[in-house]
Amino acid sequence: MSNNLTHGIKLKDKIGYALGDAGGLLTFSLIGAFQNKFYTDALGISPSKIVVLILIARIWDAINDPLWGAFISSRKPKPSGQFRPWIIGFSVPLAISAALMFFKIPGLDETKYLIYAYVTYICYGMMYTAVNIPYGSLASVITDDELERSSLSMWRSIGAGIGGLPGTIILPMIVYTVVGQYPNGTNIQVLNENKLFWCVLVLSVFSVLVYFVHYKLTKERIAPQPKIKDKNHNAIATIRDLVKNRPFVMICIASMLLIAFQFYYQSTFTYLFTDYFGKPGLYAMVTVCTYLPMAIFIPVMNKLIKKFGKKELCAFGMAFATIACLILYFARGNEGLSHNPYFFLILTFFSGLGQTFLVLEVWALVMDVIDYHELRTGKREEGMAYAFFSFTRKLGQTLAGVGLNILLARIGYNGEITKNGGMLSEDVLSKLYDISTIVPAILLALMAVTLFFGYNLSKKKLEEMHKELDIIRAKEAQE
C-alpha cells in the first residue's frame, strides 16, 4: 500500500466496495425478514425465550466485537492490505453459519431447538463480526477524499440494497404455504422451513462468490499509521477517547436507531403482510418502496450534499419519514385504509424517501467522525472505532428483536395457531397493525432529534475540519 493516488477512485473501486456489503446482506437480511418467524413458527420457540437469546448474544458481542477490532488494528498489514484478507478469509465460515441458522433438525422439542438456536445464532454473529469490522474499516483506506467517501457510502448502500433483494423480495413469494382462509377471504399462510433452508443455502454459497469478486476489485491505498507501542494507550483508552467524541457518539446512536428501525419493520411487516393482510408475497414490495427512492436521489446526492450538507439532509429526511409513519398509524381508525395493503405501501414509499439520505450517507458520516477523532487525538484507529460502532448497531438489532418479541407476547400472538390452520383473533390482528406503525414512527422521530440537536458536524464545521486535517497530513508527509 502507498500514500499515493488516494483520489480519483474508479468505477471498479465503487462496484467492488458495494459488493462487500452485498455479500454480507445476502444472508444478514434474512435475520430481519425471517429469523423471528422461523423461531416462533417453525421451531416453536416462545417470544419470551427469544428475548433472552438475543440479550445473551448481544452480551457476547459486547466482549467479542471490541476484541476483534483491537486485534485487527494490531496486526501488521499483509501485502494485499490490512483489512481485505480478513474479509475473504472468513467469508466461507460466515456462509456455513448462515445456512445452519435456518436449518431445522426434525423431531426435537422446544428446549433442544432453543439450544440449537443459541449455538447457530451466536456463531453466525461472530462470523459476521469477523467479516464486517474489517469491511467497515476498508473505505477509510481506499480514499481520503470527502466526496469520494460519500460516493463509497452510497455505493455501499446500493450493495446492501441489492444484497437484501433476494431475501426480502424473492423468498417471500416462495417460502410460504396456504393452509386455509379467514372468513373475509384472506389466506392463512405458514412458513415452509424446508423451502426456506434450501433458499438460504443457495444464497450462502452465492455470498462467497460475491466476496471473492469484492476482494479482486478493491484496493487499499492509504497506508496505516505505524504501530507505536504505548503502554498508556490501549483498547480501553481508545474507547474512552471515542466516547468523548460527541459526533461519534451521536452517529452511533443514530445508526443504532436506524438498524433497530430496519430490523423491527422488516420482522414486523413479515407478520403484518402474512397474518393481517394475508398477502406475504406483497412483502417484497416493502423493499421496493424503501429502496426505490435511492434511484431517485443517487444521481443528485453529491450536488445536494454540496449545497445543504450531510447532517442537514439526513436530519430533515428522518423528520419527513416520521410524518409518513404517523399517517399510517392514525389511518387505523379508517377500516378501508388500514386494511388496504396498497395504501400501506404508498406511505412506506414516502417514508423511504425520507430514510434514503441517512441510509445512503451513514457510512460517509462514520468516516467523517473517524477523521474528527484523528484531528482530536492524532490517531485514526479505524479498527477500534468501527468495532465500537458495529457493536452499537448490534445493540439496535437487539433493541428490535427484544422489543418485537415483548410486543408479540403482549398482544397474544401465537404462531402455532396459524401453523395448525387456525385463525388469529381480530384483537390480535388489530394490535399487530398498531405495533407495526407506531413503533417505527417513534424510532424515526428519535433519529431526527439525534441528528438535528446531537450530531454537530455541520456542513460548515466539516469543511473547516478537513482543511485542518489537510494541513496536518501535509506536514507529516514532509517529515
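Residues numbered from 1 in each chain as written. Predicted model: local features only at pLDDT ≥ 70, side-chain atom pairs only at ≥ 80, totals over all residues. Heavy atoms only, no water.

This brings us to the overall build of the protein. When helices and strands are tallied, the protein shows 18 helices and two strands. Counting only C-alpha atoms and orienting by the principal axes, one finds that the protein spans roughly 80 × 45 × 40 Å. Residues counted as buried form 58% of the 479 residues belonging to the protein. Taking contacts inside the protein between residues at least 6 apart in sequence as the whole, the part at least 24 apart equals 86%. Accessible area for the protein stands at about 19,600 Å²; split by element, carbon and sulfur atoms hold 66% of it. Charge-centre separation for the protein: the mean point of 45 positive side chains lies 3 Å from the mean point of 34 negative side chains. (Helix = DSSP H or I, 4+ residues; strand = E, 2+ residues; numbered from the N terminus. Buried < 20%, exposed > 50% of the residue type's maximum accessible area, 1.4 Å probe, protein only. Contact = heavy atoms within 4.5 Å. Areas by Shrake-Rupley, 256 points an atom, 1.4 Å probe, with all protein chains shown as cover. Lys, Arg positive; Asp, Glu negative; His and termini not counted. Charge placed at Lys NZ, Arg CZ, Asp CG, Glu CD.)

Counting 140 residues, the largest nonpolar core has Phe-34, Tyr-39, Leu-196, Phe-273, Leu-358 and Phe-389 as its most contacted members. Among the elements that make up this core, the one with the highest residue count is helix 9 (residues 246–276) (18 residues). Other than its neighbours up to four places away in sequence, Leu-358 contacts Leu-258, Cys-314, Met-318, Leu-365, Met-447 and Leu-451. (Core = buried A, V, L, I, M, F, W, Y, C linked by side-chain atoms within 4.5 Å.)

This part covers the pattern of salt bridges. With the rule as written, the count across this model stands at nine salt bridges. Here Asp-21 and Arg-156 are joined by a salt bridge, their closest N and O atoms 3.2 Å apart. Residue Asp-21 is found in helix 1 (residues 11–42), and its partner Arg-156 is found in helix 6 (residues 146–170); the two are separated by 135 residues along the sequence. Judged by its relative accessible area of 5%, Asp-21 falls in the buried class. Among the residues examined, Arg-156 registers a relative accessible area of 1% and is labelled buried. In this structure, Lys-310 and Asp-368 form a salt bridge, with 2.7 Å as the shortest nitrogen-oxygen distance. A residue pair is termed long-range when its members are at least 10 positions apart, and Lys-310 in helix 12 (residues 310–330) and Asp-368 in helix 14 (residues 341–377) qualify at 58 residues. For Lys-310, a relative accessible area of 4% puts it in the buried group. The network of salt bridges with shared partners includes Lys-37, Asp-41 and Asp-275. (Salt bridge = Lys/Arg side-chain N within 4 Å of Asp/Glu carboxyl O.)

Further remarks concern the environment of Leu-337. Within the secondary structure layout, Leu-337 lies in helix 13 (residues 335–338). Of the residues examined, Leu-337 reaches a relative accessible area of 33% and is grouped as partly exposed.

When the local axis directions of helix 10 (residues 283–297) are compared, the greatest deviation, roughly 25°, occurs at Thr-290, which is followed within four positions by the proline Pro-293. Regarding helix 10, the residues found buried are Tyr-283, Ala-284, Val-286, Thr-287, Cys-289, Thr-290, Pro-293, Met-294 and Phe-297. (Bend = angle between axes of the 7 residues up to and from the residue.)

Taking 1.5 Å of rise per residue, 28 residues should cover 40 Å, and helix 2 (residues 47–74) covers 40 Å from first to last C-alpha, within 8% of that figure. Of all the bends found along helix 2, the most pronounced is centred on Asp-61 and spans about 30°. (Expected span 1.5 Å × (residues − 1).)

Here we take up the packing of aromatic side chains. A full pass over the atoms with the stated rule returns 30 aromatic pairs. With a centroid separation of 5.6 Å and 40° between ring planes, the pair formed by Phe-248 and Phe-388 is classed as tilted. Here Phe-388 lies in helix 15 (residues 382–411) and Phe-248 lies in helix 9, a separation of 140 residues in the sequence. Given a relative accessible area of 22%, Phe-388 falls into the partly exposed group. Residues Trp-363 and Phe-389 carry aromatic rings whose centres are separated by 5.7 Å and whose planes lie at 80° to one another, so their mutual orientation is edge-to-face. Separated by 26 residues along the polypeptide, Trp-363 in helix 14 and Phe-389 in helix 15 bring together distant segments of the chain. Note on Phe-389: relative accessible area 0%, which makes it buried. Members of the aromatic cluster, each reached through a chain of ring pairs, are Phe-261, Tyr-265, Phe-269, Phe-273, Tyr-276, Phe-277, Phe-344 and Tyr-433. The ring of Tyr-215 carries Arg-84 above its face, with NZ or CZ at 4.2 Å from the centroid. (Phe/Tyr/Trp six-rings, centres within 6.5 Å; stacked < 30°, edge-to-face > 60°. Lys NZ or Arg CZ within 6 Å of the ring centre and 35° of its normal.)

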